[in-house]
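A look at the structure
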Amino acid sequence: MKLNRFGSAAAVLSVAALALTACGSDNPTAAAGSEGAETSAASGVTGTLTGIGASSQNSAMEAWATGFKAANPDANVQYSPDGSGAGREAFLAGGAQFAGSDAYLKEDEAAKAKEVCGPEGAFNIPAYVSPIAIAFNLEGVEEINMDAATIAKVFKKEITKWNDEAIAKQNPDVELPDTAITVVHRNDESGTTENFVEYLKAAAADVWTYDVSGDWPSDIQSENAKGTSGVVSTTTSTNGAITYADFSAVGNLSTVNVKVGDEYTKISAEAAAKALETATPVEGAAENDLALDLERDTTEAGTYPIVLVSYHIFCSSYKDQATADLVKAFGNYVISEDGQKTAQASAGNAPISASIAEKAKKSIDGITVAE
């Protein structure tokens, strides 16, 4: 068995990575509140915590790092938003002490984690909840309505004009131009992609026949870019373009209202939070693992079903007490009421529920030192 190789002297990423923000998001980074600061400061932790992963979390991660640093002057959190797949890969290779991921560990990844984390492996904690916006750039149009089948046909490139009858009949009061639709998708393995296509597969199965994956279907040839900032930047500079991205990062792009039941739901943190009310624990997950399966085809009014639950993935055990204490302190700060409010002020995400936070704290507090 390989013991956890993560320690205080783990490879440190450039601090410059922390300065990166998701393109289009100019929300200020909020300061940590007193309650969370007092709780975290009591730990007296020191050292540098290295994370790699989802670009969707970047605005929130900046806020968390700032708040945690304010409470723990001798501790630093460095996060590189290289994408969910890259984060999980780095974590499983021993190159980071935690991963940020828009998708929980797959079965084979969970097995591999035991080589790095010890026999108890790793676990997933919901840290960041946000709707995935279907964002578009169409001159003169601020928002439009689409049902799941129409969304799937657009991204499958079966609908290629903005004034197509399928779109027009759902938007009788909108003057839609005869502009070509340019689909922009992620070209890196992405949890955002996986969450988005999971929705398409569940809500428009007759149209979207591809398997759920973090990689965009290779036979759909369209514009593409790396990371959240990449697809948002490309869409912003292209009239007629449409993409999918974390809501916190879409900036001035327009958004699609998604049909749920008999109504169209406008994207919001509140509507995204409702989607978690019907989520269920992943079958077969360990007791300390809080991975969730979402009901993507819900018909409950007011629910926004294209939701991204982004996880922090931690080892169940670390090499030494100092590292374990640092991980536990940061993990608990993130899921605390103060930590969630700090992220919400910066990134506009939906806070996790009190019940999830309670379970997450129990899992994080259970982190041990490898023997």
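Position numbers for residues count from 1 along each chain, tracking the sequence in the order it is written. Selection of residues for local features in this predicted model requires a pLDDT of at least 70, selection of side-chain atom pairs for listing and counting requires 80 or more, and totals for whole chains, interfaces and linings are taken over all residues. Computation of side-chain values: all heavy atoms of the structure, hydrogens and water removed.

- Labelled according to an unreviewed UniProt entry, the protein appears under the name Phosphate-binding protein, originating from Glutamicibacter nicotianae.
- What the UniProt record of the protein gives under Sequence similarities (unreviewed entry) is the line "Belongs to the PstS family." UniProt positions are given in the numbering used here, feature names are shortened, and annotations may be inferred rather than shown by experiment.

**Topic: the overall build of the protein**
- Secondary structure elements follow DSSP: runs of H or I of four or more residues count as helices, runs of E of two or more count as strands, with numbering from the N terminus. Within the protein one finds 12 helices and 15 strands.
- Exposed residues in this analysis have more than 50% of their type's maximum accessible area, buried residues have under 20%, and partly exposed residues fall in between, with area computed by a 1.4 Å probe over protein chains only. The buried share among the 371 residues of the protein stands at 57%.
- Residues count as neighbours in contact if any of their non-hydrogen atoms are within 4.5 Å of one another. In the protein, once contacts between residues fewer than 6 apart in sequence are set aside, the share between residues at least 24 apart is 78%.

**Notes on the layout of surface pockets**
- Of the pockets and cavities examined, the largest pocket occupies roughly 640 Å³.
- A cavity here means a set of points on a 1 Å grid, drawn over the protein atoms and nothing else, where a 1.4 Å probe fits but cannot get out; a pocket is an open set with protein on both sides within 12 Å along at least five of seven lines, and a residue lines either one if it has an atom within 4 Å of a point. In this structure, the largest pocket is lined by 30 residues; those nearest its centre are Tyr104, Leu105, Lys106, Asn124 and Val282.
- Elements supplying a minimum of two residues to the lining of the largest pocket: α4 (107-117), β4 (122-137), α7 (191-203), β12 (292-293) and β13 (307-315).
- Residue classes in the lining of the largest pocket are distributed as 15 nonpolar, four polar and 11 charged. Grid points are joined across faces, edges and corners, and a volume is the space filled by probe spheres set on the points. Under the grouping applied here, Gly and all other residues not named as nonpolar or charged are polar, the nonpolar ones being Ala, Val, Leu, Ile, Met, Phe, Trp, Tyr, Cys and Pro and the charged ones Asp, Glu, Lys and Arg.

**Some remarks on the state of the cysteines**
- Cysteine sulfur atoms that pair up within 2.5 Å are treated as a disulfide. If you walk through the whole model with that rule in mind, you get one disulfide.
- Between Cys117 and Cys315 runs a disulfide, and the two sulfur atoms are separated by 1.9 Å. A torsion of -55° about the S-S bond marks the disulfide between Cys117 and Cys315 as left-handed. Taken together, the residues Cys117 in helix α4 and Cys315 in strand β13 connect sequence positions 198 residues apart.
- According to the relative accessible area criterion, Cys117 is buried, its value standing at 1%.
- Given the relative accessible area of 0%, Cys315 is considered buried.

**Thoughts on the packing of aromatic side chains**
- Pairing of aromatic rings covers Phe, Tyr and Trp, the last through its six-membered ring, and needs centres within 6.5 Å; plane angles under 30 degrees mean stacked, over 60 mean edge-to-face, and all others mean tilted. This model, assessed by the stated rule, comprises 15 aromatic pairs.
- When the ring of Phe98 is compared with that of Phe314, the centres are 6.0 Å apart and the planes differ by 45°; the resulting orientation is tilted. With Phe98 in strand β3 (residues 98-101) and Phe314 in strand β13, this pair connects stretches of sequence that are 216 residues apart. For the pair Phe98 and Phe314, a shared accessibility class is recorded, and that class is buried.
- Between Trp208 and Trp216 the ring centres are 5.6 Å apart and the planes differ by 55°, which places this aromatic pair in the tilted class. Residue Trp208 shares its accessibility class with Trp216, and that shared class is buried.
- Taken together, the ring pairs connect Phe68, Tyr79, Phe98, Phe123, Phe314, Phe330 and Tyr333 into an aromatic cluster.

**A word on the packing of helix α2 (residues 58-71) against helix α10 (residues 321-335)**
- At a minimum axis distance of 10 Å, the contact between α2 and α10 shows a crossing angle of 120°. With respect to α10, the axis of α2 lies oblique. Handedness of the α2/α10 crossing: right-handed. Seen from α2, the contacting residues are Met61, Ala63, Trp64, Gly67 and Phe68; seen from α10, they are Leu326, Ala329, Phe330, Tyr333 and Val334.
- Per-class residue counts for the contact of α2 with α10 are nine nonpolar, one polar and no charged. Here, axes are lines fitted to C-alpha atoms. For helices the fit covers the stretch in contact, and angles between N-to-C directions go from 0 to 180 degrees. Any angle from 65 to 115 degrees is called roughly perpendicular, while one under 35 is roughly parallel, one over 145 is roughly antiparallel, and all others are oblique. Should the near helix be turned counterclockwise from the far one by less than a right angle, the crossing is left-handed, whereas a clockwise turn marks it as right-handed.

**Let's talk about unusual backbone geometry**
- Residues other than glycine seldom take positive phi values, yet Lys157 does so here, at roughly 70°.
- Its place among the elements puts Lys157 in the loop between α5 (148-155) and α6 (165-168).
- On the basis of relative accessible area, Lys157 is assigned to the partly exposed category, the value being 37%.

**Focus: the nonpolar core**
- Core analysis: the largest hydrophobic core is formed by 107 residues, its most contacted members being Trp64, Phe155, Phe196 and Ile242.
- With 11 residues, β4 is the largest single contributor of residues to this core.
- Those residues in contact with Phe155, other than ones at most four positions away along the chain, are Ile134, Val183, Phe196, Trp208, Trp216, Ile220, Ile242, Thr243 and Tyr244. Among buried residues, the Ala, Val, Leu, Ile, Met, Phe, Trp, Tyr and Cys ones that are joined through side-chain atoms within 4.5 Å form a nonpolar core.

**What about helix α3 (residues 84-92)?**
- Among the nine residues in α3, seven count as buried, and that is most of the element.
- For α3, every residue scored as buried is listed here: Ser84, Gly85, Gly87, Arg88, Ala90, Phe91 and Leu92.
- Those residues of α3 that are buried lie in contact with β1 (47-53), β3, α4, β4, α7 and β13.
- At the C-terminal side of α3, Gly94 shows a positive phi close to 85°.

**A look at the pattern of salt bridges**
- A side-chain nitrogen of Lys or Arg and a carboxyl oxygen of Asp or Glu constitute a salt bridge if their distance falls within 4 Å. Tallying each qualifying case throughout the model produces 12 salt bridges.
- In this structure, Asp178 engages Lys161 in a salt bridge whose closest nitrogen and oxygen atoms are separated by 4.0 Å. Here Asp178 is found in the loop between α6 and β6 (182-186), whereas its partner Lys161 is found in the loop between α5 and α6, with 17 residues between them in sequence.
- On the basis of relative accessible area, Lys161 is assigned to the partly exposed category, the value being 34%.
- Its salt-bridge partner being Lys341, residue Glu337 comes within 3.0 Å of it at the nearest N-O pair. Of the two residues, Glu337 and Lys341 are both situated in helix α11 (residues 337-347); the distance of four residues between them amounts to about one turn of the helix. Just as Glu337 is exposed, Lys341 falls in that class too.

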